[in-house]
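In case you want the letters, here they are:
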Amino acid sequence: MAYDYDDDPIHCATCGSEIEPGARFCANCGAAAQTSPSFTPGYAPGMGYEGGPDYGEPVHVPNHLVWAIAATLCCCVPTGIVAIVYAAQVNGKLAAGDYNGALSASNSAKTWCWVSLGLGVVAAVVWGIVGLTGAI
Ligand SMILES: [Zn+2]
């Protein structure tokens with residue numbers, strides 16, 4: 001049974017295989033036949049995707065500088081200063097493109113903030129107890 005396909009062959013938009021004229025589904029993958037005149041494998045043009053590596057999503061690393069200063073003033077000065085030192089390194093490392101270094105300094109600053117807060121709370125409790133009991 002010879003059938004002459006004199007029309008342009010229709011190609012499946014999903015798998016690209018040829019579809020018989022008049023068929024509503026692709027015999028290969030079962031996708032609905034779309035009568036697009038030309039099948040272009042790969043991506044469709046005009047999607048407008050510009051994935052430049054230079055400008056990705058903005059990197060945001062919290063430097064915890066405010067917390068470090070607050071911890072220094074309110075809680076414990078020596079450890080708070082350490083937190084400030086680390087917090088001050090965050091922006092500098094970010095400016096230098098050292099993302100991992102900035103993240104590490106940020107985490108260190110946060111840790112020392114908590115250490116300062118903990119020591120401050122302990123000191124406040126101790127001094128409070130001492131003051132209330134009048135042990136001095
Ligand atoms: Zn198909």
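These numbers were taken from a predicted model, which means no experiment stands behind them. (Residues numbered from 1 in each chain as written. Predicted model: local features only at pLDDT ≥ 70, side-chain atom pairs only at ≥ 80, totals over all residues. Heavy atoms only, no water.)

**Overview of the coordination of the zinc ion**
Protein coordination at the zinc ion: the donors are Cys 12 (SG), Cys 15 (SG), Cys 26 (SG) and Cys 29 (SG), at 2.3 to 2.4 Å from the metal. Because the angles between the 4 donor atoms bound to the zinc ion fall within 105 to 114 degrees, the donor set is best described as tetrahedral. Each donor residue of the zinc ion belongs to the same chain, and together they define the spacing C-x2-C-x10-C-x2-C. Here the residue Cys 12 occupies a position in the loop between β1 (10-11) and β2 (18-19), and Cys 26 occupies one in the loop between β2 and α1 (65-74), the gap between them amounting to 14 residues. (Donors = N, O, S within 2.8 Å, 3.2 Å for Na, K, Ca; no water. Tetrahedral: all angles 85-135°; square planar, octahedral: opposite > 155°, others 65-115°. Helix = DSSP H or I, 4+ residues; strand = E, 2+ residues; numbered from the N terminus.)

**Considering the environment of Glu 18**
Of note, Glu 18 is situated in strand β2. With 10 residues separating them in the primary sequence, Glu 18 and Asn 28 have C-alpha atoms 8.5 Å apart. Setting aside its immediate chain neighbours within four residues, Glu 18 contacts Pro 9, Ile 10 and His 11. (Contact = heavy atoms within 4.5 Å.)

**Details of the environment of Val 121**
In this fold, Val 121 is placed in helix α3 (residues 99-133). Taking C-alpha positions, Val 121 is 9.7 Å from Cys 74, a pair spaced 47 residues apart along the chain.

**Re the environment of Leu 94**
Looking at the secondary structure, you find Leu 94 in helix α2 (residues 77-95). For Leu 94, a relative accessible area of 27% corresponds to the partly exposed category. (Buried < 20%, exposed > 50% of the residue type's maximum accessible area, 1.4 Å probe, protein only.)

**A word on the nonpolar core**
Residues Ala 68, Ala 83, Ala 87, Ala 109 and Cys 113 constitute the largest nonpolar core, which totals 5 residues. Listed by contribution, the elements that provide at least two residues to this core are α2 and α3. Excluding anything up to four places from it in sequence, Ala 83 contacts Ala 68, Ala 109, Trp 112 and Cys 113. (Core = buried A, V, L, I, M, F, W, Y, C linked by side-chain atoms within 4.5 Å.)

**Overview of unusual backbone geometry**
Of all residues except glycine, most have a negative phi; of all peptide bonds, most are trans. In this model, His 64 sits at a positive phi of 55 degrees, which is unusual for a non-glycine residue. Turning to its location among the elements, His 64 is positioned in the loop between β2 and α1. A relative accessible area of 16% means that His 64 is categorised as buried.

**Let's talk about a nonpolar patch on the surface**
Taken together, Trp 114, Leu 117, Val 121, Val 125 and Ile 129 make up a surface patch of nonpolar side chains, about 500 Å² in accessible area. Tracing the backbone through its elements, the reader meets Trp 114 in helix α3. By relative accessible area, which is 58% here, Trp 114 ends up exposed. (Patch = residues over 30% accessible without salt bridge, like charges linked within 9 Å, V, L, I, M, F, W, Y side chains within 5 Å. Areas by Shrake-Rupley, 256 points an atom, 1.4 Å probe, with all protein chains shown as cover. Salt bridge = Lys/Arg side-chain N within 4 Å of Asp/Glu carboxyl O.)

**What about the layout of surface pockets?**
In this structure, the largest pocket occupies an estimated 180 Å³ of space. Around the largest pocket, the lining residues are His 64, Trp 67, Ala 70, Ala 71, Cys 75, Lys 110, Cys 113, Trp 114 and Leu 117. Listed by contribution, the elements that provide at least two residues to the lining of the largest pocket are α1 and α3. Looking at the lining of the largest pocket, the element that brings in the most residues is α3, giving 4 residues. Considered class by class, the residues forming the lining of the largest pocket number 7 nonpolar, 1 polar and 1 charged. (1 Å grid on protein atoms, 1.4 Å probe; cavity = no way out; pocket = protein on both sides within 12 Å on 5 of 7 lines; lining within 4 Å. Points joined across faces, edges and corners; volume = space filled by probe spheres on them. Nonpolar A, V, L, I, M, F, W, Y, C, P; charged D, E, K, R; others polar.)

**Comments concerning the packing of α1 against α2**
As a packed pair, α1 and α2 sit with axes 8 Å apart at the nearest point and diverge in direction by 165 degrees. Looking at the two axes, α1 sits roughly antiparallel to α2. The chirality of how α1 crosses α2 is left-handed. Of the residues in α2, those touching α1 at Leu 65, Ala 68, Ile 69 and Thr 72 are Val 77, Gly 80, Ile 81, Ala 83, Ile 84, Ala 87 and Ala 88. Considered class by class, the residues forming the contact of α1 with α2 number 9 nonpolar, 2 polar and no charged. (Axes fitted to C-alpha atoms, helices over the stretch in contact; angles between N-to-C directions. Parallel < 35°, antiparallel > 145°, perpendicular 65-115°, else oblique. Left-handed = near helix turned anticlockwise from the far one by under 90°.)

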